[in-house]
Amino acid sequence: MNKIRQPAPGSSTQSLANRYRSGGNKRTSNVRNIPKPAEPNRKILKQGAPDFQLLVLTFVLVGFGILMVFSASSSLTFTSERFNYDSMYFTKRHIVFAVVGLIAMFFAMKAHYTKYKKWFAPFFMVTLLLLVAVLIIGGKINGARSWIQLPAGASIQPAEFAKLAVILYLSALIAKKGERFRDLRTGYIPVMLIVGLVAGLIMLQPDLGSCMILVATAGLIIYAGGASVKHIFASVALLLLGAALVFGVNSLFSHDSGEKGDSNYRMGRIETFLDPFADEKGAGYNMIQSLTAIGQGGFSGSGFGQSIQKLHYLPNPYNDFIFSVIGEEFGFVGTTLFLLAYAYFIVRGIWISLRCPDIFGTLVGVGIMGMFAIQAFINIGGVTNTIPLTGVPLPFISYGGTSLVVMMLSMGIMLSISRETHRALAEQQATGSDSGTRRQSISMRMK
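Residues numbered from 1 in each chain as written. Predicted model: local features only at pLDDT ≥ 70, side-chain atom pairs only at ≥ 80, totals over all residues. Heavy atoms only, no water.

Visitor: Sorry if this is basic, but what is going on with the overall build of the protein chain here?
Guide: When helices and strands are counted, the protein chain shows 16 helices and 3 strands. By the burial criterion, 52% of the 447 residues in the protein chain qualify as buried. Long-range contacts, defined as pairs at least 24 residues apart, comprise 73% of the intrachain contacts of the protein chain with a sequence gap of at least 6. (Helix = DSSP H or I, 4+ residues; strand = E, 2+ residues; numbered from the N terminus. Buried < 20%, exposed > 50% of the residue type's maximum accessible area, 1.4 Å probe, protein only. Contact = heavy atoms within 4.5 Å.)

Visitor: What exactly am I supposed to notice about the pairing of strand 2 (residues 144-149) here?
Guide: Each regular strand shows side chains that alternate between the opposite faces of the sheet. Bridge count for strand 1 (residues 139-141) against strand 2 is 3 bridges, and the pairing is antiparallel. Paired with Gly139 across the bridge in strand 2 is Trp147. The pairing of strand 2 with strand 3 (residues 155-156) spans 2 bridges and is antiparallel. Bridge pairing in strand 3 links Gln149 to Ser155. (Pairing = 2+ DSSP bridges.)

Visitor: Would you take a moment to explain unusual backbone geometry for this structure?
Guide: The phi angle of most residues is negative, glycine excepted, and most peptide bonds adopt the trans form. Cis geometry is adopted by the peptide bond preceding Pro206, which originates at Gln205 and carries an omega value of -15°. Position of Pro206 relative to the elements: it lies in the loop between helix 7 (184-203) and helix 8 (208-224). Despite not being glycine, Asn84 shows a phi value in the positive range, around 60°. With respect to the element layout, Asn84 can be found in the loop between helix 3 (52-78) and helix 4 (89-110). Phi at Asn385 is positive, roughly 65°, even though this residue is not glycine. Secondary-structure assignment places Asn385 in the loop between helix 13 (359-383) and helix 14 (401-431). Residue Asn385 is classed as buried on the basis of its relative accessible area, which comes to 18%.

Visitor: Can you help me understand the packing of aromatic side chains in this one?
Guide: Ring pairs (aromatic) are described by centroid distance and by the angle formed between their planes. Scanning all chains against the criterion turns up 22 aromatic pairs. Where Tyr113 meets Phe360, the ring centres are 6.4 Å apart and the plane angle is 10°; that geometry is what we call stacked. Pair noted here: Tyr113 is in the loop between helix 4 and helix 5 (116-137) and Phe360 is in helix 13, with a separation of 247 residues, a long-range link. You'll find Tyr113 and Phe360 in the same group, each marked buried. An aromatic cluster is present here, built from Phe64, Phe304, Phe323, Phe330, Phe338, Tyr342, Phe345, Phe372 and Phe396 joined pairwise through their rings. (Phe/Tyr/Trp six-rings, centres within 6.5 Å; stacked < 30°, edge-to-face > 60°.)

Visitor: Would you mind going over the pattern of salt bridges with me for this structure?
Guide: Once their charged atoms are close, side chains differing in charge can pair, the charge on each being opposite to the other. Counting across every chain of the model gives 6 salt bridges. Notably, a salt bridge pairs Asp51 with Arg348, separated by 2.5 Å at the nearest N-O pair. Here Arg348 lies in helix 12 (residues 322-354) and Asp51 lies in the loop between helix 2 (16-22) and helix 3, a separation of 297 residues in the sequence. In this structure, the salt-bridge partner of Lys92 is Asp86, at a minimum N-O distance of 2.7 Å. Using a relative accessible area of 44% as the deciding quantity, one classes Lys92 as partly exposed. (Salt bridge = Lys/Arg side-chain N within 4 Å of Asp/Glu carboxyl O.)

Printed below as a string of structure tokens:
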């Protein structure tokens, strides 16, 4: 990645996005000065087809998630009066969420991705209102006010919408500012103030996992947009300081025993990460059960639906710890294949994003696929004790209505970007010109 940040010959201030499109040989003063792709001729459709591989991988991952939610939850719900002894309780709800997400993905895919430059503003404002509302009317679960209850037992998690809203906001603003984004006072600071505002509202819940995903994704977009590395590091330091202050103030003004217990619960996660066996029956119990499940999977696994740890040993095996169930039932071989498919899904999306002929599309695509990668790493890293457990769902796989709908909506936008990428490539082939293809290729972008 260090090679990406090296200035192009003859320019020390040229942004990464501009260097991508200039091929490293032309000086551009503003992203908006980039020549627009030529209008397609009559033989070429106005919109290309969505990327087939990305579309199929999305359906495969969502389908696999439905199977794993059934496997991880059926035994628990079948023996519980709370769930009416219905083995399909969570599975049916997850399928409903998947259908809603599929509809959202379809409409997002049909819309041209450039329309989100106009739509991001109202979407962002509504998200801010929801983040404020959840602090007032949200129900507290595990010490955090993250959910707004809706009629008929439904609920939404505003932090999930905030991730996508910040991606669209940053991409539109960086594309609009162009080279002015590199200026600290007029470009970088205004952007970071908005990111800090959203991250602060999420930390007030507090929801450390969602805040980490949002900040890391925003940092990825800002880096790709050409911001100074030292500015990014300084911003991360300030955000960490702000998060520490929020936790400190929250602990200082915690008077009732319930809030003190919640504070101890969060501290217990840090202690568990350092040594899960220090308190085997207490704070370290969940992590030990997770590691036990993965270890019992061995090389080939116990088989689909044959997990033992999901039977009242693992907490929320259909949500936070669903990867542990995958490890136990499919073993090393199945887990490796799953991770390879997931990795190819992310790499394919980034590859498509980098070939998009528009800076806005590139940044949105990189942000969306980066969000998937970061959230998957935090979930898998948490249940394997690679990093402290923060309790975020595994995208497409874990049970969770808001998360699944937002992720599929994000994929609809990603597929819309892929349609423009394929249209541009088809146009270049029809005109017999390969200069545009070379300029947009990964090899040129990495120079």
